[in-house]
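# Structural overview for review
Below, each chain spelled out in residue letters.
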Amino acid sequence: MSILKVARMGHPVLRQKARALDRADIRNPVVQKLIDDMIETMVEYHGVGLAAPQVHEGLRLFVASLDHDEAAETAPPPVAIINPEILLVGSLVEEDWEGCLSIPDIRGRVPRAVEIKVRAWGRDGERLELTARDYTARVIQHETDHLDGILFFDRMRSFESLTFLDEYSRYWVKD
């Protein structure tokens, strides 16, 4: 496996709409290696999600630790989500903090749907359907945005909360 180079804000790959994968291509060893490399890269950089465009691949694919719980001693393995389709459940939207491996050391408050349903393919080529709430829903929406060329800045209502990570830790994180 390999640590991949992460595209940073300003690189054109982050603003392009990614192409869908054919189900038959999912089990291809090249795609499976990409998934493994993306997981390794995400873990190396302490991310909770990483979309293929962030590693210079224009595919509708992301990996994520969906049950991320920093208090837990062991986390479930990250999953691959391929060609996700999101359906909002209800109209409740909450604003909360987000960061991005492609925009290092920056945080901002982003409004997101609180609950969503997701239909996608898993890394085994089987249909995956799940309902996600709160933080997990936020991660899925953030990573799916990357597949459409959208960065979290684009979703912010105001840039007043935009902050460097050091200042976020100093002034915004509650003990």
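Below is a short write-up of the structure. For every chain, the first residue of its written sequence is number 1, and the numbers climb from 1 along that sequence. Residue-level local features of this predicted model are given only where pLDDT is at least 70; pairs of side-chain atoms are given and counted only at 80 or more, and the full residue set underlies all totals for whole chains, interfaces and linings. The basis for every side-chain value is the complete set of heavy atoms in the structure, and neither hydrogens nor water enter the calculation.

### Details of the pattern of salt bridges
Put simply, the rule reads: Any Lys or Arg side-chain nitrogen found within 4 Å of a carboxyl oxygen on Asp or Glu counts as a salt bridge. Helix and strand assignments follow DSSP, with helices taken as H or I runs no shorter than four residues and strands as E runs no shorter than two, numbered in order from the N terminus. Categorising residues by exposure relies on relative accessible area from a 1.4 Å probe, with only protein chains included: less than 20% of the type maximum marks a residue as buried, more than 50% marks it as exposed, and the intermediate range marks it as partly exposed.
A full pass over the atoms with the stated rule returns 15 salt bridges. The shortest N-O distance in the salt bridge between Asp 148 and Arg 60 comes to 3.0 Å. Here Asp 148 is found in the loop between helix H3 (134-147) and helix H4 (152-155), whereas its partner Arg 60 is found in the loop between strand S1 (49-51) and strand S2 (61-64), with 88 residues between them in sequence. Between Glu 98 and Arg 112 there is a salt bridge, with the nearest N and O atoms lying 2.8 Å from each other. In this pair, Glu 98 is assigned in strand S4 (residues 93-100) and Arg 112 in strand S5 (residues 103-113), connecting sequence segments 14 residues apart. Residue Glu 98 is classed as buried on the basis of its relative accessible area of 5%. You can call Arg 112 buried: its relative accessible area is 4%.

### A look at the environment of Ile 86
The condition that has to hold: It only takes one pair of heavy atoms within 4.5 Å for two residues to be counted as in contact.
Relative to the helices and strands, Ile 86 resides in strand S3 (residues 79-88). In this structure Ile 86 touches Ile 116, Lys 117, Val 118, Ile 140, Gln 141 and Thr 144, once residues within four positions along its chain are discounted.

### A short note on the sheet that holds S3
Test applied: Should DSSP find at least two bridges between two strands, the strands are regarded as paired. Here an angle of 0 to 180 degrees is reported between the N-to-C directions of two axes, which are lines fitted to C-alpha atoms, with helices fitted over the stretch in contact.
Judged by pairing direction, the sheet is antiparallel, and its 5 strands sit side by side in the order S1-S2-S3-S6-S7 without closing on themselves. Since the sheet does not close on itself, it has two edges, and those belong to S1 and strand S7 (127-133), each with one partner. Adjacent strand axes in the sheet meet at a mean angle of 40° when their direction is disregarded. Bridging between strand S6 (residues 115-121) and S7 involves 7 bridges; their strand directions are antiparallel. Looking at S7, one finds that Glu 115 is bridged to Arg 133. Against the sheet, helix H2 (residues 29-44) contacts S1, S2 and S3, and its axis sits at roughly 45° relative to S2. Across the face of the sheet, H3 comes into contact with S1, S2, S3, S6 and S7 while running at roughly 125° to S7.

### Structural notes on H3
For an α-helix, 3.6 residues make a turn, and residues three or four places apart therefore share a direction. So the rule is basically this: Expected span, for any helix, means 1.5 Å times one less than how many residues it has.
Taking 1.5 Å per residue, 14 residues should reach 20 Å; H3 reaches 20 Å between its end C-alpha atoms and fits that length. Within H3, 12 of the 14 residues are buried, which leaves it mostly tucked inside the rest of the structure. Here H3 has its buried residues at Thr 136, Ala 137, Arg 138, Val 139, Ile 140, Gln 141, His 142, Glu 143, Thr 144, Asp 145, His 146 and Leu 147.

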